[in-house]
Amino acid sequence: MAVTVRAAAAWWWWAGVVAALPGLAVTFGPTGRRIGVLSGAALFVVALVVTALARGGRHKARARAASRAAKSVFLQDRRITARAWLRRRRWWLLLAFVLAAASNVALPCAGGMLLGGVGAGLWIRSRRLARIERAADALLWFRPDGDPANYQLTGIAAGDAAPGGGPRRHR
């Protein structure tokens, strides 16, 4: 479960960084570079806080209600899960990137910083999910039937993901 949040965080963050970079070169426009960067910084903070705090209670409640996964459950590799997330949402991500890059004409850097704030908020959410997983001493997974409302628990050693969706470090 945290793998999808972490994959989303990386894609939103880098889309925001790349969309904001041309705004630094804009020397013309109705607002100017300084106003654009300052408003972008405010949008970054707002997006980060809203994204990080959204659904926090829902994740805890679903983690408490999660059932143990059966031994026959097949766990996907982290890369496959991240690739599937991207395939389902690539057009929305591309549309958000194009809109953020186009917003550089009116308000330099603001749209890109907004996307970056969403990515940073999702990364914070993945860290919060890591704390939930460590407290339960289990990893949270979506059910194989695809129902996102129901989570399943597996042991920490299951799969190739660490708590929080990162790669597991082998010692």
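Up top you'll find the structure we're talking about.
Keep in mind that this is a model prediction, so the values were computed, not measured.

**Student:** Outline helix α2 (residues 32-53), supporting the account with residue identities and numerical values.
**Tutor:** Taking 1.5 Å per residue as the helical rise, α2 with its 22 residues ought to reach 32 Å, and the 32 Å between its terminal C-alpha atoms agrees with that figure. For α2, the complete set of buried residues consists of G36, G40, A47, L48, T51 and A52. All buried residues of α2 fall inside an arc of 105° around its axis, so they share one side. Turned more than 90 degrees away from the buried face of α2, the exposed residues are R34, L38, V46, V50 and L53. The inward-facing, buried residues of α2 contact α5 (110-136).

**Student:** Provide a residue-level description of the nonpolar core, including the pertinent values.
**Tutor:** One finds W12, L115, L122, L129 and L140 to be the most contacted residues of the largest nonpolar core, which totals 22 residues. Secondary-structure elements contributing two or more residues to this core are α1 (2-25), α4 (78-102), α5 and β3 (151-154). Among the elements that take part in this core, α1 stands out by supplying 7 residues, more than any other. Setting aside residues up to four positions removed in sequence, L122 forms contacts with V5, A8, A9, W12 and T51.

**Student:** Please give an account of the pairing of β3 that cites residues and values.
**Tutor:** Each regular strand shows side chains that alternate between the opposite faces of the sheet. On β3, burial covers both faces: Y151 and L153 on one face and Q152 and T154 on the other are all buried. As defined by bridge partners, strand β1 (residues 67-68) adjoins β3 across 2 bridges and the pair is classed as parallel. Each bridged residue has a counterpart across the sheet, and for R68 the counterpart in β3 is L153.

**Student:** Can you break down the side chain of T4 residue by residue, with the values?
**Tutor:** When you line up the elements, T4 lands in helix α1. Apart from the residues lying within four places of it in its own chain, the contact partners of T4 are T81, W85 and F142.

**Student:** Report on a positive patch on the surface, specifying residues and quantitative values.
**Tutor:** Side chains of R79, R83, R87 and R90 sit close together on the surface and give a patch of like positive charge. Among the structural elements, R79 can be located in helix α4.

**Student:** Can you lay out the environment of A82 for me, pointing to particular residues and giving the numbers?
**Tutor:** Considering the arrangement of structural elements, one finds A82 in helix α4. Distance in space between the C-alpha atoms of A82 and A7 is 5.5 Å, their sequence separation being 75 residues.

**Student:** Outline a nonpolar patch on the surface, supporting the account with residue identities and numerical values.
**Tutor:** On the surface, V45, V49 and L53 cluster together to form a nonpolar patch covering roughly 280 Å² of accessible area. Inspection of the secondary structure puts L53 in helix α2.

**Student:** Please set out empty space enclosed by the protein residue by residue, giving values where relevant.
**Tutor:** Per the counting criterion, the structure on display carries 1 cavity of 30 Å³ or more. When its volume is computed, the largest cavity comes out at roughly 40 Å³. Lining the largest cavity are M1, A2, V3, E133, L139, L140, W141, A161, A162 and G165. Those elements that provide at least two residues to the lining of the largest cavity are α1 and β2 (139-142). With 3 residues, the single largest contributor to the lining of the largest cavity is β2. Here the lining of the largest cavity is built from residues that sort into 8 nonpolar, 1 polar and 1 charged.

The rules behind these values
All residue numbers refer to position in the chain's written sequence, counted from 1. With the structure being a predicted model, the display of local features is reserved for residues of pLDDT at least 70 and the display and counting of side-chain atom pairs for 80 or more, all residues being used for whole-chain, interface and lining totals. The side-chain numbers reported here are obtained from all heavy atoms of the structure, hydrogens and water having been left aside. Helix and strand definitions follow DSSP, with helices as H or I runs of at least four residues and strands as E runs of at least two, each counted in order from the N terminus. Expected span of a helix: the number of residues minus one, times 1.5 Å. Buried means the residue's accessible area, taken with a 1.4 Å probe over protein chains only, is under 20% of the maximum for its type, while exposed means over 50%, and partly exposed covers the values in between. Working note: the arc is built from the helix axis to C-beta atom directions. Note on contacts: a residue pair qualifies if any of its non-hydrogen atoms lie within 4.5 Å across the two residues. We call a set of buried residues a nonpolar core when its members are Ala, Val, Leu, Ile, Met, Phe, Trp, Tyr or Cys and they connect through side-chain atoms within 4.5 Å of each other. At least two DSSP bridges between two strands are needed for those strands to be called paired. Patch construction takes residues with relative accessible area above 30% that form no salt bridge. Like charges are linked within 9 Å, and nonpolar side chains (Val, Leu, Ile, Met, Phe, Trp, Tyr) are linked within 5 Å. Where accessible areas are quoted, they stem from the Shrake-Rupley method and a 1.4 Å probe; at the residue level, only the protein chains shown are allowed to cover. Salt bridges are counted wherever a side-chain nitrogen of Lys or Arg sits within 4 Å of a carboxyl oxygen of Asp or Glu. The convention is simple: Lys and Arg are positive, Asp and Glu are negative, and His and the chain ends are not counted. Lys charges are placed at NZ, Arg charges at CZ, Asp charges at CG and Glu charges at CD. A pocket, in this scheme, is an open set of points on a 1 Å grid over the protein atoms alone with protein on both sides within 12 Å along at least 5 of 7 lines, while a cavity is a set where a 1.4 Å probe fits but cannot get out; residues line either one if an atom lies within 4 Å of a point. Grid points are joined across faces, edges and corners, and a volume is the space filled by probe spheres set on the points. All amino acids are sorted into three groups, where Ala, Val, Leu, Ile, Met, Phe, Trp, Tyr, Cys and Pro are nonpolar, Asp, Glu, Lys and Arg are charged, and the leftover types, Gly among them, are polar.

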